[in-house]
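# An overview of the molecular structure
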Amino acid sequence: MSTENSNSNREDGPASLSRRDLLAAAGGSAMAAAAAGVAGCSSNTTQPKVMGILEDTGQKEANGPADLPPRDTQPAFSWKEGTAIVKDFSDQHKVKLEPETRIHGVQFITESGGRKRLEVLYSSGEKPDLPKEFVYRQEGRDPMPLEVRLIKRDAAIPHVRLGHWAQSSASAVAGTAGWNICVVDGGVEKIVCMSARHTLCPDFFNPQIGAWVWLNKLKCAHLLRAEPIVLSAFNKYDMAIARYVDPTLINDGAEDMYIQCQTGYPNGPRPWGYPLALATNVLTGQSYHKVGAGTPACSQAILQPYLNGYGNRSFPYTDAQGATVWVRFQDQLIFGPFCKGGDSGAIVARDGDYTAAGLHYAGTAGVESVSCPIFTLPWTQQAGNETITFTGAGGNPRTFPRFVI
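Residues numbered from 1 in each chain as written. Predicted model: local features only at pLDDT ≥ 70, side-chain atom pairs only at ≥ 80, totals over all residues. Heavy atoms only, no water.

## Examining the overall build of the protein
Counting its regular elements, the protein contains four helices and 21 strands. The contacts of the protein with a sequence gap of at least 6 include a subset with a gap of at least 24, amounting to 68%. Per element, the accessible surface of the protein, about 15,800 Å² overall, is 50% carbon and sulfur. (Helix = DSSP H or I, 4+ residues; strand = E, 2+ residues; numbered from the N terminus. Contact = heavy atoms within 4.5 Å. Areas by Shrake-Rupley, 256 points an atom, 1.4 Å probe, with all protein chains shown as cover.)

Next comes the structure, spelled out in C-alpha cells:
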C-alpha cells in the first residue's frame, strides 16, 4: 500500500502493544467494538446467497430469493478484461477526462440479456466526436464489436453528507466507518478502520497524518495512512485508514454501535457476516451488498446490487479554499445505484462468501455507485494467521481480518 506523509514509527497508545498484549487488553476493554461495533460490522455467520456468477464453477445461480432475481444472462468479464477494453478504447481515440474535456467517464458495462457496451459520459456541450462502434481485438480471440453510447449527464459526486459515522472532525461532513481490520505495518500490528480518504481527511488534498478521526461520533483514532492523490495522473483509490489510539475510548457495548438494517431486509436487523478477506476472480454479474451510514443502511433488491462494469472516471472534489478540483480515477468498479449519500467508505462485499471487493466513494442517484477496487491492494494474509479474534467485556468474540501491508 502506498502512503502519503505516513509515519510508520509512530507508536502511541495501547494499539502499539504486541499481539499478545492486545488480546489481553481486549478482555476488559472496548476492543470488541473495534472488531464489530462500527458501520459495516456484524457477528452473523451467514452470507447472502450468490446471485450472479458462482466463483468456483463459473456457473450461474438460478434459484435465489424471489425479490433478487439472478442475472443468468449477464456476460461475465473479469476486472482485468474489462479495464483492458476501456484502456484500449481510450488510447485509440485519445480520450481525455475532466478537467481537460467535458468527458467525465469511459466505462465498459454489461447487463442481463447478454448485453455489453462502452459508455462515454459527458456533462455539457456537443457530443464528443467518437465512433458509434468499437471493435476490441485481443490476440487469440475473435474480434468483439461493442456499441459506443455517448451519454450526457452530470458527473457523479463523492458521497458524503452531514451527521453520520466516520468524520474528520465532530462537525465535518461524514461517511461510513467501513472496515475494521488489523494491519501489520513495519512489523507492528495496528487496529485500524478503513474508509474513504475524503471522509477521514478534512483537507482531501493535504491529509494530516496523525490528525484525530471521529468514528461513531467518538474521538478515538488518528489518521494513519492516506492513498496518494495525483492531479496530473490517474489514481486508483479514494481511501485512508485511521488507527484506534486507545481501545478504552470505544464503547464496549458493540451491540449498541451496529448500524441496523432496515425493516424487511432479508437477514433481519443484523447485516450479513463480516468480510474476512479480499475478493478474487471478480466478474461482472456477481451480486454484492453493503452496510453503510446512508439510507437504506443495507442493500435492497430494487437498488440493483450487481457489478455491472469497470471504468475510468473523473469526479469533482472541493479543496480547502472551496474551489472545485477534478480528480481522475482508473479501473474503478461500477455497480447499480445501491449506495447513497453517507455511504462513502462503506465496504462492498460479495454475496456468498466473506470477501471485500470495493470501497464505495461516489455515485449518481438512481444511476450508479462507484467503488475503488480495493481487492487489488498488494496486501497479504499469511496462511494460518489470517484473522484476529477479540473478546470484549460483554463476552462476545469478534473476528476480523489481519493483513500485512
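Having seen it, we continue.
## Comments concerning helix 3 (residues 79-92)
For helix 3, spanning 14 residues, the distance from its first C-alpha to its last is 20 Å, which sits close to the expected 20 Å at 1.5 Å a residue. All buried positions along helix 3 are accounted for by W79, G82, T83, I85, V86, F89 and S90. Seen from one end, helix 3 has its buried residues packed into an arc of 150°, which puts them on one side. The exposed set on the far side of helix 3, more than 90 degrees from its buried face, consists of K80 and K87. For helix 3, the elements touching its buried residues are strand 1 (103-111), strand 2 (115-122), strand 3 (133-136), strand 4 (144-152), strand 15 (307-318) and strand 16 (324-335). (Expected span 1.5 Å × (residues − 1). Buried < 20%, exposed > 50% of the residue type's maximum accessible area, 1.4 Å probe, protein only. Arc of directions from axis to C-beta.)

## Here's the deal with the pattern of salt bridges
Any two side chains of opposite charge can pair, so long as their charged atoms come close to each other. For the structure shown, the criterion picks out 16 salt bridges. Between R117 and E119 there is a salt bridge whose closest N-O contact spans 2.8 Å. In this structure R117 comes out as buried when scored by relative accessible area, which is 6%. K236 is the salt-bridge partner of D331, the closest N and O atoms lying 3.9 Å from each other. Of the two residues, D331 sits in strand 16 while K236 sits in the loop between strand 11 (218-226) and strand 12 (240-244), which places them 95 residues apart along the sequence. Overlapping salt bridges bring together E111, R115, R117 and E119 as one network. (Salt bridge = Lys/Arg side-chain N within 4 Å of Asp/Glu carboxyl O.)

## Quick word on the environment of Q92
By secondary structure assignment, the location of Q92 is in helix 3. Using a relative accessible area of 46% as the deciding quantity, one classes Q92 as partly exposed. Between the C-alpha atom of Q92 and that of F134, which follows or precedes it by 42 residues, the distance is 9.9 Å.

## What to know about the side chain of E98
Examined against the element boundaries, E98 turns out to sit in the loop between helix 3 and strand 1. Filtering out sequence-adjacent residues up to four positions away, E98 remains in contact with I103, H104, S123, S314, W326 and R328.

## A look at the pairing of strand 10 (residues 212-215)
Bridge count between strand 6 (residues 166-167) and strand 10: two bridges; the pairing is antiparallel. Within strand 10, the residue paired with Q167 across the bridge is W214. The sheet contact formed by strand 10 and strand 11 spans four bridges and is antiparallel. Each bridged residue has a counterpart across the sheet, and for V213 the counterpart in strand 11 is A221. Between strand 10 and strand 11, which pair antiparallel in sequence order, lie two residues; one of them, N216, sits at a positive phi of approximately 55°. (Pairing = 2+ DSSP bridges.)

## Observations concerning the packing of aromatic side chains
Within the structure shown, the criterion is met by 13 aromatic pairs. With a centroid separation of 5.3 Å and an interplanar angle of 80°, the aromatic rings of F89 and F134 are classed as edge-to-face. Residue F89 is located in helix 3, and its partner F134 is located in strand 3; the two are separated by 45 residues in the primary sequence. With a relative accessible area of 3%, F134 lands in the buried category. Among the aromatic side chains, those forming a connected cluster through ring pairs are F204, F205, F315, Y317, F329 and Y361. One Lys or Arg, R197, reaches over the ring of F204 and ends 5.0 Å from the middle of that ring. (Phe/Tyr/Trp six-rings, centres within 6.5 Å; stacked < 30°, edge-to-face > 60°. Lys NZ or Arg CZ within 6 Å of the ring centre and 35° of its normal.)

## Quick look at the pairing of strand 1
By the criterion of burial, strand 1 is predominantly enclosed, with eight of the nine residues buried. Where strand 1 meets strand 2, eight bridges bridge the pair, whose relative direction is antiparallel. Across the sheet, the residue bridging to T110 is K116, located in strand 2. Counting the residues that bridge the hairpin from strand 1 to strand 2 gives three residues, and of these G113 lies at a positive phi of roughly 90°. Where strand 1 and strand 15 come together, five bridges link them in antiparallel fashion. Bridge pairing in strand 15 places G105 opposite R313.

## A word on the nonpolar core
Among the nonpolar cores identified, the biggest contains 53 residues, and W179, M194, L215, Y361 and I374 are the most heavily contacted of them. Among the elements that take part in this core, strand 11 stands out by supplying five residues, more than any other. If you look at the next biggest cluster of nonpolar residues, it comprises 31 residues, including V86, L146, Y288 and V348. (Core = buried A, V, L, I, M, F, W, Y, C linked by side-chain atoms within 4.5 Å.)

## Some thoughts on the confidence of the model for the protein
For the protein, mean pLDDT is 78; residues scoring 70 or higher make up 74% of the total. Ignoring residues within four places in sequence, the model shows residues 52-70, a span with pLDDT below 50, making 44 contacts including any to other chains. Segment residues 249-257: pLDDT under 50, and 34 contacts once partners within four positions in sequence are set aside and those in other chains are kept. (pLDDT = per-residue confidence, 0-100.)

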